[in-house]
Amino acid sequence: MWIDTHCHLDGEEFDVDRDAVIQRAREAGVGGVFLPAIDLATSERILTLCQQHPDYLYPMVGLHPEEVRADWREQLSAIKSILSPNTQHPSPNTHHPTPPRIIAIGEVGLDFYWSREFEHEQLEAFEQQVQWSVETRLPLMIHCRKAQNEMVAIIKRYAKDLPGGVFHCFTGNEQEARELLQFDRFVLGIGGVLTFKKSHLPEVLPAVVPLDRIVIETDAPYMAPVPMRGQRNEPAYTQFVLQRLAEAYGVSQEEVARQTTAAVARIFGVK
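Residues numbered from 1 in each chain as written. Predicted model: local features only at pLDDT ≥ 70, side-chain atom pairs only at ≥ 80, totals over all residues. Heavy atoms only, no water.

**Description of empty space enclosed by the protein**
Phase 1 of the analysis: The final tally for this structure, using the stated rule, is one cavity of 30 Å³ or more.
Phase 2 of the analysis: Lining the largest cavity, in full, are Cys169, Phe170, Thr171, Gly191, Gly192, Val193, Glu217, Thr218 and Met223.
Phase 3 of the analysis: Classifying every residue of the lining of the largest cavity by side-chain character gives four nonpolar, four polar and one charged. (1 Å grid on protein atoms, 1.4 Å probe; cavity = no way out; pocket = protein on both sides within 12 Å on 5 of 7 lines; lining within 4 Å. Points joined across faces, edges and corners; volume = space filled by probe spheres on them. Nonpolar A, V, L, I, M, F, W, Y, C, P; charged D, E, K, R; others polar.)

Okay, here's the thing in structure tokens:
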């Protein structure tokens with residue numbers, strides 16, 4: 001079994017068949033699914049969803065860079081209160097009254113792909129959440145697009161004190177991979193892009209990235225792998241990422257599952 005370390009299962013795209021999606025994931029061999037938040041509303045929604053599926057769905061909380069707007073300080077303040085060990089979340093399910101354990105701070109980071117309108121605010125919000133990671137010892141789930149230099153500069157300032165995390169949706173070249181791997185408690189999140197016809201990842205990854213520095217993800221409902229490309233992505237489709245990783249590294253699928261699951265346990269404490 002293996003883990004889908006990044007899935008937006010709380011999204012409205014799954015409202016009509018969420019339970020069936022979870023069942024298909026179990027049947028495919030997915031041993032757990034990690035849910036990143038993008039703002040306060042999704043942080044709260046994810047906690048409720050994970051409470052309904054204990055020991056299978058695991059929550060993160062955080063403010064996504066594309067959600068950093070004029071109210072970002074208020075958003076961060078409210079999200080930070082969720083991280084407080086004294087905060088009690090009302091239970092929507094009397095069978096599981098204990099709030100789920102938050103496993104990471106995410107999805108956080110920098111994204112200058114579409115706009116730099118809130119560049120300064122993104123930088124400040126990201127650094128604050130990096131500081132939360134140091135304080136809480138929770139790992140980071142990092143989104144970075146067109147901002148690797150700025151992101152690396154911030155991580156370097158805290159590298160000695162950070163517990164680790166995932167550089168989500170890695171699609172870069174060998175040089176970019178090496179730059180990220182300098183942070184030895186971090187790993188690369190690999191998803192459906194690996195299977196795309198024009199992807200260079202099947203060559204880049206074995207050349208510079210040890211298999212034990214990789215975790216598997218979907219980013220569902222986005223970026224479905226071949227042969228499901230163009231459809232709504234879902235955790236069960238990680239099996240195609242697993243297969244392609246095994247081919248690229250010249251090992252068995254069982255070995256990919258073993259090493260990526262061990263990386264998940266090392267970083268998130270989830271086995």
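**Section: the pattern of salt bridges**
Phase 1 of the analysis: Within the structure shown, the criterion is met by 18 salt bridges.
Phase 2 of the analysis: Here aspartate 10 makes a salt bridge to arginine 45, at a shortest N to O gap of 3.2 Å. A residue pair is termed long-range when its members are at least 10 positions apart, and aspartate 10 in the loop between strand E1 (2-4) and helix H1 (18-28) and arginine 45 in helix H2 (residues 40-52) qualify at 35 residues.
Phase 3 of the analysis: For aspartate 10, a relative accessible area of 8% puts it in the buried group.
Phase 4 of the analysis: Arginine 45 sits in the partly exposed class, given a relative accessible area of 41%.
Phase 5 of the analysis: One salt-bridge network, in which partners are shared between bridges, spans Asp17, Arg24, Arg232 and Glu234. (Salt bridge = Lys/Arg side-chain N within 4 Å of Asp/Glu carboxyl O. Helix = DSSP H or I, 4+ residues; strand = E, 2+ residues; numbered from the N terminus. Buried < 20%, exposed > 50% of the residue type's maximum accessible area, 1.4 Å probe, protein only.)

**Looking at unusual backbone geometry**
Phase 1 of the analysis: Residue proline 221 is bonded to the preceding alanine 220 through a cis peptide linkage, with omega at 15°.
Phase 2 of the analysis: Mapped onto the fold, proline 221 is located in the loop between strand E8 (214-216) and helix H8 (238-249).
Phase 3 of the analysis: The linkage connecting valine 226 with the following residue, proline 227, adopts the cis geometry, with an omega of 15°.
Phase 4 of the analysis: Within the secondary structure layout, proline 227 lies in the loop between E8 and H8.

**Here's the deal with the sheet that holds strand E7 (residues 186-190)**
Phase 1 of the analysis: Strand order in this open sheet of eight strands is E1-E2-E3-E4-E5-E6-E7-E8, and the pairing throughout is parallel. Two strands close off the open sheet at either side, each with one partner strand: E1 and E8. Averaged over all pairs of adjacent strands, the angle between strand axes in this sheet comes to 30°, irrespective of strand direction.
Phase 2 of the analysis: In terms of strand pairing, E1 meets strand E2 (residues 30-35) through three bridges, oriented parallel. Along E2, the bridge assignment pairs tryptophan 2 with valine 30. (Pairing = 2+ DSSP bridges. Axes fitted to C-alpha atoms, helices over the stretch in contact; angles between N-to-C directions.)

**Regarding the confidence of the model for the protein chain**
Phase 1 of the analysis: Within the protein chain, residue pLDDT values average 94, and 95% of them lie at 70 or more.
Phase 2 of the analysis: Low pLDDT, under 50, characterises residues 86-96; the stretch is placed with 14 contacts to residues that sit more than four places away or in other chains. (pLDDT = per-residue confidence, 0-100. Contact = heavy atoms within 4.5 Å.)

**Quick word on the packing of aromatic side chains**
Phase 1 of the analysis: The final tally for this structure, using the stated rule, is seven aromatic pairs.
Phase 2 of the analysis: The interplanar angle of 90° and the centroid separation of 4.8 Å between the aromatic rings of tyrosine 113 and tryptophan 114 together place this pair among those described as edge-to-face.
Phase 3 of the analysis: Owing to a relative accessible area of 41%, tyrosine 113 belongs among the partly exposed residues under this scheme.
Phase 4 of the analysis: Each ring, one from phenylalanine 167 and one from phenylalanine 186, has its centre 5.0 Å from the other, and the planes form 25°; the classification is stacked. Here the residue phenylalanine 167 occupies a position in strand E6 (residues 165-167), and phenylalanine 186 occupies one in strand E7, the gap between them amounting to 19 residues.
Phase 5 of the analysis: For phenylalanine 167, a relative accessible area of 3% gives the class buried.
Phase 6 of the analysis: For phenylalanine 186, a relative accessible area of 3% gives the class buried. (Phe/Tyr/Trp six-rings, centres within 6.5 Å; stacked < 30°, edge-to-face > 60°.)

**Digging into H2**
Phase 1 of the analysis: Helix length check: H2 (13 residues) gives 19 Å between terminal C-alpha atoms against 18 Å at 1.5 Å per residue, within 8%.
Phase 2 of the analysis: Buried within H2 we find Thr42, Ser43, Ile46, Leu47, Leu49, Cys50 and Gln51.
Phase 3 of the analysis: Buried residues in H2 make contact with H1, E2, strand E3 (57-61) and helix H3 (72-83).
Phase 4 of the analysis: Two or three places before alanine 41, at the start of H2, stands the capping residue aspartate 39, its side-chain oxygen 3.3 Å from that residue's backbone nitrogen. (Expected span 1.5 Å × (residues − 1). Polar contact = N/O pair within 3.5 Å; in protein donor to acceptor, adjacent residues only side chain to side chain.)

**Some words on the layout of surface pockets**
Once rolled over the atoms, a probe with the size of a water molecule shows which space is left empty.
Phase 1 of the analysis: In this structure, the largest pocket encloses a volume near 910 Å³.
Phase 2 of the analysis: Around the largest pocket sit 32 residues that line it, and His143, Arg145, His168, Cys169 and Asp219 are the ones nearest its centre.
Phase 3 of the analysis: Elements supplying a minimum of two residues to the lining of the largest pocket: H2, strand E5 (140-145), helix H5 (148-158) and helix H6 (174-181).
Phase 4 of the analysis: The element best represented in the lining of the largest pocket is E5, accounting for four residues.
Phase 5 of the analysis: Split by residue class, the lining of the largest pocket holds 13 nonpolar, nine polar and ten charged.

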